[in-house]
Amino acid sequence: MLTSGYRHLIMLALVMMPMPLAWASPNTVVQARVNVTVPKNAALVSSSGASVENAAIPISIDNATLEATGQKNTRWNVTTNSSSGARVTIERTSVSVSKGASDAILNDIHVRCSASGGSVTPISKFSSGSSLNNIALNGEGLCSMAKAGTGTFDVTLSVRAPATDGNGNVNATLTMVVAAL
Amino acid sequence: MIANFRLIRLSLMTALIAATFQRAGICATSVTDPVSVTVPKVASILSSNGNVSENLAITPTVSSSTLASTGSASQAWDMRTNSTSGATVTIQRGSVTLTGGAVAALANSLSVSCSNGAGTVTCTPSAKYSAGASLTTVSTIGETFCSTGLPGDGQFNLIVALNAAASAGSGTVATTFTMIVAAL
């Protein structure tokens, strides 16, 4: 009989034992999956932080030949987070010529691009300089950057017009667009 | 306390059975039954949503001028232990996958940190994760993430934050953190 009583007690203990174990969940390992996607972007502003700059070219007239010369430089900062870099295009609006200037003066206004910081490389056409008339109305490459980060380039407008070009005003708007590659 | 209560309950039931034997006239007038219950140290961990795995997707905000990318995601985790010394949580990182042009600099721009949550027991982050560690410096074999010093329920937050300059590039970074809790 005593043996039977012990058997009951042992069974009772066995029933009781799992209860403390059940108090805590057996999940001791958890996982957190992390995912982040940064989209490609590119931005372009002038060195003064503006998105529009007026480039009025100051003119000097040679007393002897009456040749008009002058230039205006604007610095632009291009930033991209694309590992492949970015590309800047330039396009021109129609040019207005007034107050007696002849269309010949358009060929004597040049647009040039030069790198001034970062990994910017001008397109060859604008590295050597292009006349205002030759800039595409619907956009063409101006310069590019090969990697992520910030680069700086200068757009230089210059005039060297002989007296035969006449005098007057020439106006146009150049628009530059940057895109991440 | 729960464990102690059950021990008392077990003792009472044992006494009750012994008394019953006496009333039935069993020849043994006195019995002794030493009872011993050992409650093992255990610990558990689940997300605050009750899951064993969670996805932390960071949606970055990109500055229109500097193109710097920022953003963060966090997840609260509930840990529980019956150990009077508390419990410790370790963290280990899986391999990091870079796609869509992402480079190592972008992965380095992700910071992993830990903070105490809303539990009744304080979770103390390790110094490294209190300050925050870049993603690529998280151990792949495991290291201490946080710990408690008492039994009960603690909660901690796993925070992953992005602060990337434009030069860090673009693309997708993905990895998996595995956290293991152990009673102390």
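Residues numbered from 1 in each chain as written. Chains lettered and ligands numbered in written order. Predicted model: local features only at pLDDT ≥ 70, side-chain atom pairs only at ≥ 80, totals over all residues.

Q: Sorry, what's going on with the overall build of chain A here?
A: In terms of regular secondary structure, chain A is built from 4 helices and 13 strands. Counting all 181 residues of chain A, 28% fall into the buried class. (Helix = DSSP H or I, 4+ residues; strand = E, 2+ residues; numbered from the N terminus. Buried ≥ 20, exposed ≤ 12 C-beta atoms within 10 Å, placed from the backbone.)

Q: What should I look at first to understand the environment of Asn107 of chain A in this one?
A: All names here are of chain A. Secondary-structure assignment places Asn107 in helix α3 (residues 104-107). Classification of Asn107 as partly exposed rests on a count of 14 C-beta atoms within 10 Å. Here the alpha-carbon distance between Asn107 and Asn171, two residues 64 residues apart in the chain, equals 13 Å. Other than its neighbours up to four places away in sequence, Asn107 contacts Ser131 and Asn133. (Contact = placed C-beta atoms within 7 Å.)

Q: I keep staring at the environment of Leu110 of chain B and nothing clicks. Help me out?
A: As for its position among the elements, Leu110 of chain B is in strand β7 (residues 110-116). Overall, the presence of 26 C-beta atoms within 10 Å leaves Leu110 of chain B in the buried class. The spatial distance from the C-alpha of Leu110 of chain B to the C-alpha of Leu56 of chain B is 12 Å, given a sequence separation of 54 residues. Beyond its immediate stretch of four places on either side in the chain, Leu110 of chain B contacts Val36 of chain A together with Ser134, Leu135, Val160, Leu162 and Val173 of chain B.

Q: Looking at this structure, I do not really get the confidence of the model for chain B. What am I missing?
A: Low-pLDDT portions of the prediction should not be read for the details of their coordinates. All names here are of chain B. Overall, the predicted model of chain B reaches an average pLDDT of 86, with 85% of residues at or above 70. Mean pLDDT in chain B bottoms out at helix α1 (residues 2-23), which sits at 46, and peaks at strand β8 (residues 124-125), which reaches 98. Contacts from residues 1-19, a stretch scored under 50 in pLDDT, to residues over four places away or in other chains number 19 contacts. What the predictor reports for the complex is a pTM of 0.71 with an ipTM of 0.74. (pLDDT = per-residue confidence, 0-100.)

Q: Whenever I open this one, unusual backbone geometry confuses me. Can you help?
A: Note: most peptide bonds trans; most residues except glycine with negative phi. The phi angle at Leu66 of chain A is positive, at roughly 60°, despite the residue not being glycine. Notably, Leu67 of chain B is not glycine yet its phi reads approximately 65°, a positive angle. Here Leu67 of chain B falls in the buried class, since 27 other C-beta atoms lie within 10 Å of it.

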